[in-house]
Amino acid sequence: NAPSLVLFKNFDEGQAVFGGEWESDSISEFNAPSLVLFKNFDEGQAVFGGEWESDSISEFVKENALPLINVFSQASAPKLFGSGIESHFLYFNAEDSDSHEATMASLK
C-alpha cells in the first residue's frame, strides 16, 4: 500500500503538523497519494487536488487555514488580514443583537 500523507493543522496555535498514515480506517476513503487538511470548522476537511509542487501546496494550506466566517476582533485581525486572502466581506453586528444568531446562520 502506498502511503497517504495526512496534514493536521492546529488552528488555535497557527502551527501545521504533518504526519504520514499508512494503514488506518481514518484515511481509507482517500486514494494515495493524498494531501488532506483536517480542520474543526466549515466542511471539516479539504482534499488537495493541485500540482504536487511546494507553491501549490502552500497556497492550498493558506486558502483553507481560516474559517469562511470569522468573528472580527483585535486578536483575529492579524490572522485575517495577514492570510493572503485579498477580498473580505465585513459584517458588523453586536453579538447580543436579536438578529445576530440568525444572520450568522444564514451567512454560513
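The structure this text deals with has already been given above.
Scope of this entry: the structure provided in the associated data block.

A closer look at the nonpolar core
Formed by Leu35, Leu37, Ala46, Phe48, Phe60 and Val61, the largest nonpolar core amounts to six residues. Secondary structure elements with two or more residues in this core: β3 (35-38) and α1 (54-64).

Brief notes about a negative patch on the surface
On the surface, a cluster of negative charge is made up of Glu51, Glu53, Asp55, Glu59 and Glu63. Taking relative accessible area as the criterion, Glu53 reaches 46% and is therefore assigned partly exposed.

Let's talk about the packing of aromatic side chains
Enumeration over the complete set of coordinates arrives at three aromatic pairs. Ring centres of Phe48 and Phe60 lie 5.2 Å apart, and the angle between their planes is 65 degrees; on these two criteria the pair is classed as edge-to-face. Of this pair, Phe48 sits in the loop between β4 (45-47) and α1 while Phe60 sits in helix α1, and the two are 12 residues apart along the sequence. A residue is classified by how much of its surface remains accessible, and Phe48, at 10% relative accessible area, is buried. Aromatic ring contacts, followed pair by pair, group Phe48, Trp52 and Phe60 into a single cluster.

Cut-off values and rules
Residues numbered from 1 in each chain as written. Predicted model: local features only at pLDDT ≥ 70, side-chain atom pairs only at ≥ 80, totals over all residues. Heavy atoms only, no water. Core = buried A, V, L, I, M, F, W, Y, C linked by side-chain atoms within 4.5 Å. Buried < 20%, exposed > 50% of the residue type's maximum accessible area, 1.4 Å probe, protein only. Helix = DSSP H or I, 4+ residues; strand = E, 2+ residues; numbered from the N terminus. Patch = residues over 30% accessible without salt bridge, like charges linked within 9 Å, V, L, I, M, F, W, Y side chains within 5 Å. Areas by Shrake-Rupley, 256 points an atom, 1.4 Å probe, with all protein chains shown as cover. Salt bridge = Lys/Arg side-chain N within 4 Å of Asp/Glu carboxyl O. Lys, Arg positive; Asp, Glu negative; His and termini not counted. Charge placed at Lys NZ, Arg CZ, Asp CG, Glu CD. Phe/Tyr/Trp six-rings, centres within 6.5 Å; stacked < 30°, edge-to-face > 60°.

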